[in-house]
Amino acid sequence: MTDLAVIGGGIIGLSIAWRCIQRGLSVAVYDRGGDDGAWYAAAGMLAPAGETSFGQESLTELLLESSRRWPGFAADLVEATGRELGYDRTGALDVALTSDDLAEARRLWTFRADPVPRTPTQLRDLEPALSPRIRGGAFIPDDHQVDPRRTVAALRQAVGGVVAGTPTETTTVIAAGIGTAQLTGLPIRPVKGLVLRLRGEPGVLRHVVNGYVDGRHVYLVPRADGEIVVGATQDERADATVTAGDVLELLRSATDLVPELAEMELAETVVRHRPSTPDNAPVLGRLPGDVYVAAGHHRNGILLAPITADLIADLVVTGRPDPLLAAFAPGRFA
Ligand code: GLY
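Criteria and thresholds
- Residues numbered from 1 in each chain as written.
- Predicted model: local features only at pLDDT ≥ 70, side-chain atom pairs only at ≥ 80, totals over all residues.
- Heavy atoms only, no water.
- Helix = DSSP H or I, 4+ residues; strand = E, 2+ residues; numbered from the N terminus.
- Contact = heavy atoms within 4.5 Å.
- Axes fitted to C-alpha atoms, helices over the stretch in contact; angles between N-to-C directions.
- Left-handed = near helix turned anticlockwise from the far one by under 90°.
- Nonpolar A, V, L, I, M, F, W, Y, C, P; charged D, E, K, R; others polar.
- Buried < 20%, exposed > 50% of the residue type's maximum accessible area, 1.4 Å probe, protein only.
- Pairing = 2+ DSSP bridges.
- Phe/Tyr/Trp six-rings, centres within 6.5 Å; stacked < 30°, edge-to-face > 60°.
- Lys NZ or Arg CZ within 6 Å of the ring centre and 35° of its normal.

Asker: Describe the side chain of Thr171, with residues and values.
Answerer: Mapped onto the elements, Thr171 comes out in strand E8 (residues 171–174). When residues no more than four places from it in sequence are discounted, the contact partners of Thr171 are Asp3, Leu4, Ala5, Asp290, Tyr292 and Val316.

Asker: For the packing of helix H1 (residues 11–22) against helix H8 (residues 301–318), give the residues involved together with the corresponding values.
Answerer: When two helices pack together, their arrangement is given by the angle between their axes and by how far apart the axes lie. Taken N-terminus to C-terminus, the directions of H1 and H8 make an angle of 35°; their axes are 8 Å apart at the nearest point. In this structure, the crossing between H1 and H8 has a hand that is right-handed. For the pair H1 and H8, contact is made by Ile11, Ile12, Ser15, Ile16, Arg19 and Cys20 and by Gly301, Ile302, Leu304, Ala305, Thr308, Ala309, Asp310, Ile312 and Ala313, respectively. Residue composition of the contact of H1 with H8, grouped by class: ten nonpolar, three polar and two charged.

Asker: Got a sec to walk through the environment of Ala38? Specific residues and values, please.
Answerer: Position of Ala38 among the secondary structure elements: in the loop between strand E2 (27–30) and strand E3 (45–46). Judged by relative accessible area, which is 30%, Ala38 ranks as partly exposed. Considering only alpha carbons, one finds Ala38 and Pro167, 129 residues apart in sequence, at a separation of 22 Å. Leave out the neighbours within four places in its chain, and Ala38 touches Arg272, His273 and Pro275.

Asker: Summarise the sheet that holds E2; cite the residues concerned and give the values.
Answerer: In a beta sheet, neighbouring strands pair by backbone hydrogen bonds and run either parallel or antiparallel. One open sheet holds the five strands; their spatial order is E2-E1-E8-E15-E14, and the pairing between them is mixed. Each edge of the open sheet is held by one strand with a lone partner, namely E2 and strand E14 (283–287). With strand direction ignored, the average angle separating the axes of adjacent strands in the sheet is 15°. With four bridges connecting them, strand E1 (residues 4–7) and E8 associate as parallel partners. Looking at the pairing, Ile7 lines up with Ile174 of E8.

Asker: Hey, could you go over unusual backbone geometry for me, with residue numbers and the actual values?
Answerer: Put simply, Gly231 and Ala232 share a cis peptide bond, and its omega is -15°. Its identity is not glycine, yet Asp214 carries a phi of approximately 50°, on the positive side. With respect to the secondary-structure elements, Asp214 resides in the loop between strand E10 (208–213) and strand E11 (216–222). The class of Asp214 is partly exposed, set by a relative accessible area of 44%. Within the chain, Asn280 stands out as a residue other than glycine whose phi angle is a positive 60°. With respect to the helices, strands and loops of the structure, Asn280 is situated in the loop between strand E13 (265–276) and E14. On the basis of relative accessible area, Asn280 is assigned to the partly exposed category, the value being 22%.

Asker: Hey, could you go over the packing of aromatic side chains for me, with residue numbers and the actual values?
Answerer: The final tally for this structure, using the stated rule, is four aromatic pairs. Here the aromatic rings of Trp18 and Phe73 are separated by 5.3 Å at their centres, their planes lie at 85°, and the arrangement is edge-to-face. With a gap of 55 residues between them, Trp18 in helix H1 and Phe73 in helix H2 (residues 57–81) connect regions that are remote in the sequence. One aromatic cluster is present, built from ring pairs that chain together Trp18, Trp70, Phe73 and Tyr87. Here Arg149 stacks its cationic end above the ring of Tyr40, 3.7 Å away from the centre of that ring.

Asker: Give me the pairing of strand E15 (residues 291–295): which residues, what numbers.
Answerer: E15 sits mainly inside the fold: four of its five residues count as buried. Bridging between E8 and E15 involves three bridges; their strand directions are parallel. Directly across from Ile174, in E15, lies its bridge partner Val293. As defined by bridge partners, E14 adjoins E15 across five bridges and the pair is classed as antiparallel. Opposite Leu287, over in E15, you have Val291 as the bridge partner.

Spatial relationships are all this shows, so hold off on functional conclusions.
Given below as structure tokens:
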């Protein structure tokens, strides 16, 4: 029998298991080993200030701290496994199509550490494929990206694989995404997201592009092999239907920004569900007994994996909660 069971083999559960193993525990990760987690759809944007809103100071602090830990986390994982993660620090561009979109982008820049405003000409010098219609934007040097599918494959290798079945260990970490609700009674709901993958020759885009397009948001995440991830819809729904309207909305926004995307192959449409809490911040901490929880990461599971893993592994090993955990305690929903 191992010291610890981690229930959930997505990026959060695997990262916790890996950091616990590095702290000397023997760990079994319980998961069916498929691709039904939110990580499978995720584009892998590491955008610490891109996905929060007013009044979420503790979450913003957690996102920034996790962003600072990503370089070390990625380097350790590459060294441990010999696998590439697609971790890329080229930076992101915020790009607005209309004057109203530019006003909205500027409002959100107040949350950004260091947006560097750029004129349309400067943006098109950086990304010649951008539409001549764009009205402006900014370069965001601290927004990076990683490939979540490569990262999960590396983590599965680093923890020695996952096992199916029912845990028998007394100490348990529940990191089961939307499945956490059923296991713990915590209020974690599914938030549907559709993500597309386009394929073509590499080099259409080099930066992650956050688009503001006629009041809609779209992100474009280019991979070195020519894939461009286009996301994402967000709906309070539990079904997994790929609707024509959702595909249309994403492709219209994407091609308004970068017309030549219309020439690429639509290689994949994938729906997964973000595990989300009432305040859209994660639940991290201890439940009654030797049970810990790390779930509800909403739009930020990939970015928050390093900090979640460190905080939960330290909590399990030392029994002492880091002060950063206070704002994310499961008891806040009681
Ligand atoms: N983090 C991007 C998304 O949830 O769509």
